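# Close look at the chain arrangement
Chain by chain, the residues run as shown.
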Amino acid sequence: MRRKCFEPYDTILACFSSFGNDSLRTGFVDKILNNFDIMRSKGLHVDVKIHVTHLPMFMPAFVSGLQVNYSLNKKAIQGLKYHFAGECRYDFRKALEADAYAYYLLLENDMEVTLEHLEALCREFKYVTKLNEERNIVSRKNATLFFRPGLVRFEHMPSGTRVLPDYPFCCNAQINRVIELGGRRFVVPKNPYEGLYFLPAYLFRVLLRKHSVSATAFGFYDKKIQRKLIREYHAGLWMESFTTKIVPLDNYETHLVHHLGDKYTKIWSTPTAEEYFKAAERYTDAPIVLKVPPGAVLWIRDK
């Protein structure tokens, strides 16, 4: 039975790169593919493209009806290295030119994206599309006015508590502001990175046009690349300067996505999901700096 937001004719191209073939990563990929398979079983048309550096022993050509198209690139290990994370942009360009899909999803190979996440993003994009049009954003030079609904990564502590690795206590404000759109409140996170991006085709095209040179916007020439944030750049930071990421306060639970492996819980102290969004509810007119809990160690790895 098809879910409410997506139309019967909607199609999604999902793409990611998977570097290496260790058991941990292949386990992540298995879980991701299983989630896509669930989407297909519930009536959502999803095609999956995976770029790999080794023969994909972790997956068959089809997974219970889900078509998985993979591309082998052994040279990525010595040549592209972290830029291997950007291989999907070629698939997206080709598909956009052919008007082949309604939505595009890029994710890193450790992001547990589910149907519920895509449904939530679909609903919010439909909500902000009207607002964007009313503000005549397409014709504006200041493209940061494009509202882009997004997800927030979480990890599990050994206790099971969900913490947000992209907003550590160590590093300045965690919340830029909270804005009101059509009577609803949305968080604008300080760090827009989420290990993925999901875009409707129409907005994808607009974002690429809004940047003066689309090859620059979707290529390698950016300050994020200079700062060595290569994987992060390809996973969405390429659009940071001309979109504003937003997360709904009234429905944030459906926007929390698990970062498989929970590796940052071993590196630095971060707020819980509940602490973060409760702080956002108290927003007035200044960026929010979350207080460090008593006894917390900012850099766990150095303890």
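Everything here concerns the structure above.
Residues numbered from 1 in each chain as written. Predicted model: local features only at pLDDT ≥ 70, side-chain atom pairs only at ≥ 80, totals over all residues. Heavy atoms only, no water.

### Focus on helix α2 (residues 88–97)
- Within α2 the residues assigned to the buried category are C88, R89, D91, F92, A95 and L96. Buried residues of α2, seen end-on, are gathered within an arc of 155° and therefore sit on one face of the element. The outward face of α2, more than 90 degrees from its buried face, is lined by the exposed residues K94 and E97.
- D99 lies just past α2 and shows a positive phi near 50°. (Buried < 20%, exposed > 50% of the residue type's maximum accessible area, 1.4 Å probe, protein only. Helix = DSSP H or I, 4+ residues; strand = E, 2+ residues; numbered from the N terminus. Arc of directions from axis to C-beta.)

### A look at the sheet that holds strand β13 (residues 244–248)
- Sheet architecture is open: four strands sit in the order β7-β13-β11-β10, paired in mixed fashion. Two strands bound the open sheet, and with one partner strand each, they are β7 (147–149) and β10 (175–181). For this sheet, the mean inter-axis angle between neighbouring strands, taken without regard to orientation, is 40°.
- Along the sheet, helix α8 (residues 273–281) makes contact with β10, β11 (184–189) and β13, crossing β11 at roughly 120°. (Pairing = 2+ DSSP bridges. Axes fitted to C-alpha atoms, helices over the stretch in contact; angles between N-to-C directions. Contact = heavy atoms within 4.5 Å.)

### Points about the environment of P165
- Within the secondary structure, P165 sits in the loop between β9 (162–163) and β10.
- For P165, a relative accessible area of 3% corresponds to the buried category.
- With eleven residues separating them in the primary sequence, P165 and F154 have C-alpha atoms 6.3 Å apart.
- With residues up to four places along the chain from it excluded, the contact list for P165 reads R153, F154, E155, Y264, W268 and T270.

### Observations concerning the state of the cysteines
- By the definition in use, this model includes two disulfides.
- There is a disulfide in this structure between C5 and C122, and the S-S distance comes to 2.0 Å. What sets the handedness of the C5 and C122 disulfide is the S-S torsion sign, and at about -80° it is left-handed. Of this pair, C5 sits in the segment before β1 (11–18) while C122 sits in helix α3 (residues 115–134), and the two are 117 residues apart along the sequence.
- Disulfide pairing places C15 opposite C88 at an S-S distance of 2.0 Å. With the S-S dihedral at roughly -85°, the linkage between C15 and C88 falls on the left-handed side. Placement of the pair is C15 in strand β1 and C88 in helix α2, with a sequence separation of 73 residues. (Disulfide = S-S within 2.5 Å.)

### What about the pairing of β13?
- Of all five residues making up β13, five are buried, and the element is well covered by its neighbours.
- Alternating positions in β13 separate into two faces, T244, I246 and P248 on one and K245 and V247 on the other, with burial throughout.
- Both β7 and β13 contribute to a ladder of three bridges, which runs parallel. Paired with R148 across the bridge in β13 is K245.
- Alignment of β11 against β13, held across two bridges, turns out to be antiparallel. Bridge pairing in β13 places V187 opposite V247.

### Some thoughts on the packing of aromatic side chains
- Inspection of the entire model under this criterion finds 18 aromatic pairs.
- Arranged with centres 6.0 Å apart and planes meeting at 25°, the rings of F204 and W238 form a pair that is stacked. Of this pair, F204 sits in helix α4 (residues 201–210) while W238 sits in the loop between α7 (230–234) and β13, and the two are 34 residues apart along the sequence. W238 matches F204 in its accessibility class, with the two residues each being buried.
- Pairwise contacts between aromatic rings join F92, Y101, Y104, Y197, F204, W238 and F242 into one cluster.
- In this structure, R162 is placed above the aromatic ring of F154, and the distance from its NZ or CZ to the ring centre is 5.9 Å.
- Above the plane of the ring of Y127 lies R184, whose end atom (NZ or CZ) is 4.7 Å from the centre. (Phe/Tyr/Trp six-rings, centres within 6.5 Å; stacked < 30°, edge-to-face > 60°. Lys NZ or Arg CZ within 6 Å of the ring centre and 35° of its normal.)

### Overview of the environment of L207
- Note that L207 resides in helix α4.
- Taking the C-alpha atoms as reference points, L207 and M239, separated by 32 residues in sequence, lie 7.4 Å from one another.
- In this structure L207 touches F146, L199, M239, F242 and T243, once residues within four positions along its chain are discounted.

### Re unusual backbone geometry
- Non-glycine residue D99 carries a positive phi angle of around 50°.
- Tracing the sequence through the fold places D99 in the loop between α2 and β5 (103–107).
- Positive phi is not limited to glycine here, since D262 has a value of about 50°.
- Note on placement: D262 falls in the loop between β14 (256–259) and α8.
- Residue class for D262 comes out buried when judged on its relative accessible area of 16%.

By themselves these figures say nothing about function.
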